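Observations on the three-dimensional arrangement
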Amino acid sequence: MCSSDLLRQQVIPDNRGGAGGLIATEAAARSAPDGYTLMFGTSAGMVIVPLINSKVGYDPVKDFDPVSLIVTNPQVLVANLALKVNTVKELIDAAKKAPGKIFYASAGIGAPNHVATEWFKSLVGVNMVHVPFKGQSVPDLLDDRVQILFNTIPGLLPFIKAGKLKALAVSASRRLEILPDTPTFNEQGFNVETASFYGLAGPAKLPQPIVNKMHDEIVKILRTPDEIRRLAENGAFPVGDTPAQFAAFMKKEVDFWAPVIKENNIRPD
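Quick summary incoming for the structure in this document. As the structure is a computational prediction, the values presented were derived from the model and not from experiment. Every chain begins its residue count from 1, and numbering advances along the sequence as written. Residue-level local features of this predicted model are given only where pLDDT is at least 70; pairs of side-chain atoms are given and counted only at 80 or more, and the full residue set underlies all totals for whole chains, interfaces and linings. Only heavy atoms go into the side-chain values, all of them from the structure, while hydrogens and water stay out.

Re unusual backbone geometry
- Backbone geometry at Lys84 places phi at a positive 60°, although glycine is not the residue there.
- Helix and strand definitions follow DSSP, with helices as H or I runs of at least four residues and strands as E runs of at least two, each counted in order from the N terminus. Among the secondary structure elements, Lys84 is positioned in the loop between β2 (64-80) and α4 (88-97).
- A relative accessible area of 72% places Lys84 in the exposed class.
- Notably, Asn265 is not glycine yet its phi reads approximately 50°, a positive angle.
- Within the secondary structure, Asn265 sits in the segment after α10 (243-263). Accessibility here uses a 1.4 Å probe with only protein chains present; expressed as a share of the type maximum, an area under 20% marks a residue as buried, one over 50% as exposed, and anything in between as partly exposed.

As for the pattern of salt bridges
- The term salt bridge refers to a pairing of a side-chain nitrogen on Lys or Arg with a carboxyl oxygen on Asp or Glu at a separation within 4 Å. Considering all chains together, one arrives at eleven salt bridges under this definition.
- The shortest N-O distance in the salt bridge between Asp93 and Lys89 comes to 2.9 Å. In this pair, Asp93 and Lys89 are both assigned in helix α4, four residues apart and thus about one turn of the helix distant.
- Between Arg145 and Asp143 there is a salt bridge, and its shortest N-O distance comes to 3.1 Å.
- Judged by relative accessible area, which is 49%, Asp143 ranks as partly exposed.
- Each of Asp140, Asp143 and Arg145 takes part in one network of salt bridges that share partners.

Concerning α4
- Among all positions of α4, only Val88, Leu91, Ile92 and Ala95 are buried. Along the long axis of α4, the arc covered by the buried residues comes to 100°, so they all point the same way. Exposed residues on α4 whose side chains face more than 90 degrees from its buried face are Lys89 and Lys97. Comment: arc refers to directions from the helix axis out to C-beta atoms.

Some details on the nonpolar core
- Val88, Leu91, Phe120, Met128, Ile148, Phe185 and Trp257 are the most contacted members of the largest nonpolar core, which totals 46 residues.
- Tallying contributions element by element places α10 first for this core, with six residues.
- Excluding residues within four positions of it along the chain, Met128 makes contact with Leu91, Ala95, Ile102, Tyr104, Phe120, Lys121 and Ile148.
- Counting residues in each nonpolar core, the second largest holds 20 residues, with Phe133, Ile160, Leu165 and Val170 among its members. Definition of nonpolar core: a set of buried residues of the types Ala, Val, Leu, Ile, Met, Phe, Trp, Tyr and Cys, connected through side-chain atoms within 4.5 Å. In what follows, a contact means two residues having at least one pair of non-hydrogen atoms within 4.5 Å.

Looking at the packing of aromatic side chains
- Geometry of aromatic contacts follows a simple scheme: Phe, Tyr and Trp rings, the Trp one being its six-membered ring, pair when their centres are within 6.5 Å, and the pair is stacked under 30 degrees between planes, edge-to-face over 60, tilted otherwise. One pass over the structure, following the stated rule, counts ten aromatic pairs.
- With a centroid separation of 5.1 Å and an interplanar angle of 90°, the aromatic rings of Trp119 and Phe256 are classed as edge-to-face. Of this pair, Trp119 sits in helix α5 (residues 112-124) while Phe256 sits in helix α10, and the two are 137 residues apart along the sequence.
- Take Phe256: its relative accessible area is 35%, and that puts it in the partly exposed class.
- With centroids separated by 5.7 Å and ring planes inclined at 75°, the aromatic side chains of Phe150 and Phe185 adopt a geometry described as edge-to-face.

What follows is the structure, encoded as structure tokens:
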């Protein structure tokens, strides 16, 4: 997000995919705290993975110096048309009438949308069967091999707009500009607010001048009209908070999801 031009320093992306963000996050945690290695962290790698896997070699709170929470991405709960539900209550009623007969997709065991759906299930008291995918789950959703999906919005938006999937609720505190007709969970009487996030952090003991410089540049970018519009078009909220606020946010996320994962016995493959 911070370009080489703005920083007057060459920026080289080092994409290390795999293991739900574990590989990249662990590499960042082990890097020298000299400011040359920073991490564009995600909720998966920074919160969920270390909570479900005791063998992870980093602590999401202690082993990083937060720079700024960049954006949050609320999720949308969608159902295929064959299920014939239009609201969260109708989904719950259908699940209670046929326990274990409704299947939900996720991006894999321990993925943020898996953990969020398990939380939703326990919150409303329904039995729905988890079907993890390593790739694209939408074709199976459209073909009724799975019935619902709780996920971030961009990949689902074209199917919602085309009327091929029914958006039941968004997990934000308010309705989204890109889905103005889709109510929030709260509007429907359910206290469900959850989002994936992206934030910038570095290994612990990062020099404060570097933290300050990177934070200031991120905030400048997030406040530009083009960036605000681009994020809104993807159902994302710009944040750009302080390092201390990001640190507090991270601790809150860990404290919230840890009991959810434990109570639902979510473990790695």
